[in-house]
Amino acid sequence: MNNKRLDGNTDPRYTIKEEIRNDGVLSTISVRRTERSDTATFTCVATNAFGSDDTIINLIIQEVPETPSELKVLDKSGRNVKLSWKAPYNGNSNLTRYLIEYKPIKGTWQNDIDRVLVGGEETIAGVFSLRPATSYHFRIVAQNSIGSSGPSDTITIETDQEAPSGPPVDIRLSSADQHTLSVRWKPPLKELWNGDIRGYYVGYKKVTAVQDPYLFETIEFIKERGNEHSLQISNLEVFTQYSIVVQAFNNIGNGPLSEEVTEFTAEGAPSQPPGEVILTPLASSTVLVEWSAPPKNTANGNIKGYKVIYGPSKTWYDPSTHDSKIVPDLKVEIHGLKKFTNYSMQVLAFTNGGDGVRSPEASVTTKEDIPGAPQSVKGLAMTESSILISWQHPEEPNGKILEYTVYIRDTDRNRDIAPKSYKVNVVQMSYHVDNLNQKTRYEFWVTAHTSIGEGAPSAKATIQPTSRIPAKIASFDEIFTVPANRDIKMPCIAVGSPAPETVWKVNEEDFVKTDKMRLLPDGSLHITNVSKDDAGSYKCIVNNKFGQDMVTHTLVVNGPPEPPMVILTAQTTDTITFKLKYEDTDDATPVHGFKVNYKPEFGDWEQKEIGFGTDEFTLQNLWCGQRYQLQVSAYNTIGIGKPSAIVNTRTKGVEPTVPDARRFLEVSAGSVTLHLNAWQDGGCSMLYFMVEYKPRSHKDWTLVSNNVKPGGNFVVLDLNHATWYNLKVTAHNNAGFSTAEYEFATLTSTGGTVSPPYGTGPNSEAKSGFPGIPDWLDLNMIVPVSATVIVVCVGILVVCVAMSRRKAPPLMNPEEYAQFYGAMNTMNGRMVTMRKDGLPYEDMGYVPPPNRKLPPVPGMNSNYNTIDRIKKAGGSIPGQDEDISPYATFHLLGMREEAKNGNGHMNGGNGFQTMPPTPGSGPMTPQHHRQQQQQQQAQTMHARRSMPIQQGGGMQLYDAPNCDYEPPKNFQQNFGNPYDCPEGFYNGSLMSSVGYSQVADYSGVPGQMMTQSMHGQMPPQPHAEYSTDTVIYKGGPPPPANMRGPLPAADDEFPPPPPLRSADTSLNDSNSTTQSNLTSECSEAECDREPLVRESKGMDPSKELTTEEMRKLIERNEIVQTNGLKPYNTVNV
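Residues numbered from 1 in each chain as written. Predicted model: local features only at pLDDT ≥ 70, side-chain atom pairs only at ≥ 80, totals over all residues. Heavy atoms only, no water.

## Considering the nonpolar core
The condition that has to hold: Throughout this description, the term nonpolar core refers to a set of buried Ala, Val, Leu, Ile, Met, Phe, Trp, Tyr and Cys residues connected via side-chain atoms within 4.5 Å. Residue burial is assigned from relative accessible area. The probe radius is 1.4 Å, only protein chains are included, and a residue is buried under 20% of its type maximum, exposed over 50%, and partly exposed in between. Each helix is a run of DSSP H or I of at least 4 residues and each strand a run of E of at least 2, with the numbering of both proceeding from the N terminus. Should any heavy atoms of two residues lie within 4.5 Å, those residues are considered in contact.
The biggest cluster of nonpolar side chains holds 22 residues, and the ones touching the most others in it are F664, L665, L674, W679, F689, V716 and L727. If you list the elements that add at least two residues to this core, you get strand 52 (672-675), strand 53 (686-695), strand 55 (713-716), strand 56 (724-733) and strand 57 (736-745). Dropping the residues within four chain positions of it, F689 is found in contact with L676, W679, S705, N706, N707, V708, K709, P710, V729, T730 and A731.

Here you go:
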């Protein structure tokens, strides 16, 4: 077996038998309970004496395949799944196929299994026709010719969602009211959801708008529960047919639309009145009314009929006097009206939704008819043969009375005899009948006439003429109702013999004649411009000796009604209800109605009319939470009365209530969601929101929207991650607005939170994390600003300390004091002579001027002069016996001389010229050259700076700055550090008595220089405040006349002008080397000028310089002609 000898003892499953036959030996091998490892090559070898032979038998053990493994999903969708697996061991038999078995996760493998067959050579296959959003169990089985393997491990797969594949069902539609439809439906069949239903879209449009798209409203919820849903669609047109569709949606998309369902909104009242109302009187009590139907699009329903409302115009204000008649047609005859009466009429259409708008009021007068009988006929005996008949107008004239007829007859005669008749004009309400018999009784009556004919007779009265005639009044008691400011005549026609006496009483008081009230000749009372004060009872009494009579008139004066009393009874968010109490009942003309004027606090006045008989009225459609003012006026036929007092009230409702941040804000990494429903509307419907935000460190707000609709959520996008923001939301309703500010931080990109700024809590709205600091302080600004202020203050303090130390000069030691001031007396009043070598004689000492103020040394911290520096440095000048510092400042009093002549020569010397130094003759000249020059010619020594004279050249005059000052910028040679001045330039060269001159001294005549002794007067010096009084000789060709070296520019550094000299003439110590207001120091220029000033007091004042001339000298370097030196205060200049 596999080239190994098989031993049955090794494996008991193998049994080898040999059977000896006649033709040979039969050897067999038996294998019990074969196994996969039994597959092998068996070799049988037969051997005898003559040789050997063998045969090979291949044994293959076949079995069912092993279970496939590594079943996994390669791809999936809503209805398809693509699977792969690893092929198993085939059991030594080729795989014939695979069975992919699957079932819903809630099903069983016995009852709900489905299979997909796949070829045995495949390891990838797809399963189709699955249901979306459904969880399945999948497994796979391999098959070969032997049998099937066991199922693989089960995997669970949920297919992707798809849009719903079925529409909602059982759509029902009904009319809720005139503007609302109610829609009800059920969800699609469960197997058609294809995912979780997240909501529905309900679309609607007019049936007549075929081409228009549907307008959709959305219903959302977290998860569909399979219940019935409903929606009310509002703001629809009245009695309009709408088409409704419903579709479901999930996270993937929208499902199909349901079938269209149509329905009408409820009927409403017609919104327009009937048109062209025509009134035609047909008879004295009949009127024909005709009209046209309102426009069909304003009927708002099916018109069921029309109502005609009518009533007398005189009492039209009172609805209780109205009658109505309902007809289905567009015309009607109204009967039973009063004759010759003016009627007002209106027509309206009505539907099942109610009565429509009334047409404008129209009026008509019925036709005339014969009048009624005159009222209250009376006869009065006037004489023995005459009577007076009087009467009143008919109560029902039934037309325009044209005339009256008075009938009279003798009662003693046959009644068949026609009575006598007399025609009387309509304006005459009495008739005098004469030529009667005294002893005969007469009967009389009166009729009225209209255009139609004669009316009914009045009641009959009888009378007999007599000679005894008592006082009687032909007039009748009457009630006179007149408007104010009219004239009125109250009659009192009296008869009697003797003539009766007439007396009037007004409200039981005797009549008093006034300008307003007077008696007429016929006894009537006339009142002009009646007022309500004139109203009352008026009695006319007549009497004579045979009797008396009396008539009583009542005067009613009407005017506009008095203002009513307004009593508030109730308020809601949009209504105000009030009652009206009217106390004035004296007017005969009743109140016809009321006019209500009202307005919101910051609005315009509006008006409503209240009909007669209304005790309580409600103003509707008002603004919520607003203050209102209202007043009421009553009106009648006379006019509109005065308004009532203004009543202040308000509707209910307040500004929106600010919600808590936890309920209002939902923060994410790059946005914040605002739950607008968290705001309480305060009883007034929300109008809109305004949303603004800004980063916490910014000042300016960013407007997101100023018209966010209320309800739902609003998302503020494009925010930075992990950033603190301020959010401002302003909610508006009719009552006002409320503003809320919130502080929040967006989340990090991983969803984490940001720590609160300055230690505040996440829900804190505080602006600062430190107690006691106001909210308006921002530490991000306060800390840097405070640090900057502290640094600036420290810097200023350091500068002040440094400046104070700089101003404190070092004290001079005694040796320096003697150096400067010890030889002062030796030089007073005499000339200084020079030795041939250019040095002074032994008796010449350094004599500073009295109170000489030494010039400052350049540098920030230098307050000592050149001698101080040399001594401290231990320096000296070789070959000089005198104890004078080579850097000392020299000045010989009275030795200044100026070249005054025009040729530029002085004492046979070369001409002077002020100019910059030339190469080879300055402090940079080599040392051996300078020594040679010093041997050949005398040097001119200046107190602070001198330059040698070149050979063969003319003498050049320089306006040289003091070495102790910083050199001007226009000085062409570089002198280096003033503390280390070149020896040949800043040495103590002796001053020659010849040619020494003050540089700034010029002649009053251009081109000339003046030679002047120390006792002479010096002319004013241009730019004297800049001059150092230094003379420098330098060789060179003679310069042109009137040439002077350049002065420092305006922006260059100059020595300061000298201070005012004080009266104190005491000597200064070495501490006074700088300016001081505490000592009597004087500057060099002042000390030099003082003796000259004393000698110039006799100078002509006209020759003195004016202030303007001095300004020109300083600012423009002008040469002003003068004859002498004028002293002036250089500080003031």
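Picking up after the structure, the text goes on.
## Regarding the pattern of salt bridges
Going by this rule: We define a salt bridge as a side-chain nitrogen of Lys or Arg found within 4 Å of a carboxyl oxygen belonging to Asp or Glu.
Going through the model one piece at a time under the given rule, you end up with 24 salt bridges. Across the pair R13 and D38 runs a salt bridge whose closest N-O atoms are separated by 2.9 Å. Highlighted residues: R13 in the segment before strand 1 (14-21) and D38 in the loop between strand 2 (24-31) and strand 3 (40-48), separated in sequence by 25 residues. Grouping residues by exposure puts R13 and D38 together as buried. Where D160 meets K76, a salt bridge forms, and the shortest distance between an N and an O atom there is 3.9 Å. Taken together, the residues span a long stretch of sequence, with D160 in the loop between strand 11 (155-158) and strand 12 (169-177) and K76 in strand 5 (residues 69-76) at a distance of 84 residues. Residue class for D160 comes out partly exposed when judged on its relative accessible area of 32%. Note on K76: relative accessible area 35%, which makes it partly exposed. Here the salt bridges share partners, and the residues they tie into one network are D170, R172, R184, K186 and E228.

## Focus: unusual backbone geometry
That bond from S497 to P498 is cis: its omega, 0 degrees, falls within 30 degrees of zero. Inspection of the secondary structure assignment puts P498 in the loop between strand 37 (494-497) and strand 38 (501-506). One non-glycine residue, E508, adopts positive backbone phi at about 70 degrees. With respect to the secondary-structure elements, E508 resides in the loop between strand 38 and strand 39 (509-510). Within the chain, N621 stands out as a residue other than glycine whose phi angle is a positive 60 degrees. Mapping N621 onto the fold places it in the loop between strand 48 (616-619) and strand 49 (627-635).

## Side note on the state of the cysteines
For the record, the criterion: Here, a disulfide means two cysteine sulfur atoms that sit within 2.5 Å of each other.
Per the counting criterion, the structure on display carries 2 disulfides. Here C492 pairs with C540 through a disulfide, and the sulfurs are 1.7 Å apart. Looking down the S-S bond of the C492 and C540 bridge, the torsion is -75 degrees, so its handedness is left-handed. Here C540 lies in strand 42 (residues 536-544) and C492 lies in the loop between strand 36 (488-490) and strand 37, a separation of 48 residues in the sequence. With relative accessibility at 1%, the residue C492 sits in the buried group. Each sulfur in the disulfide pair C624 and C684 lies 1.7 Å from the other. One disulfide, between C624 and C684, carries an S-S torsion of -75 degrees and so falls in the left-handed class. Residue C624 is located in the loop between strand 48 and strand 49, and its partner C684 is located in the loop between strand 52 and strand 53; the two are separated by 60 residues in the primary sequence.

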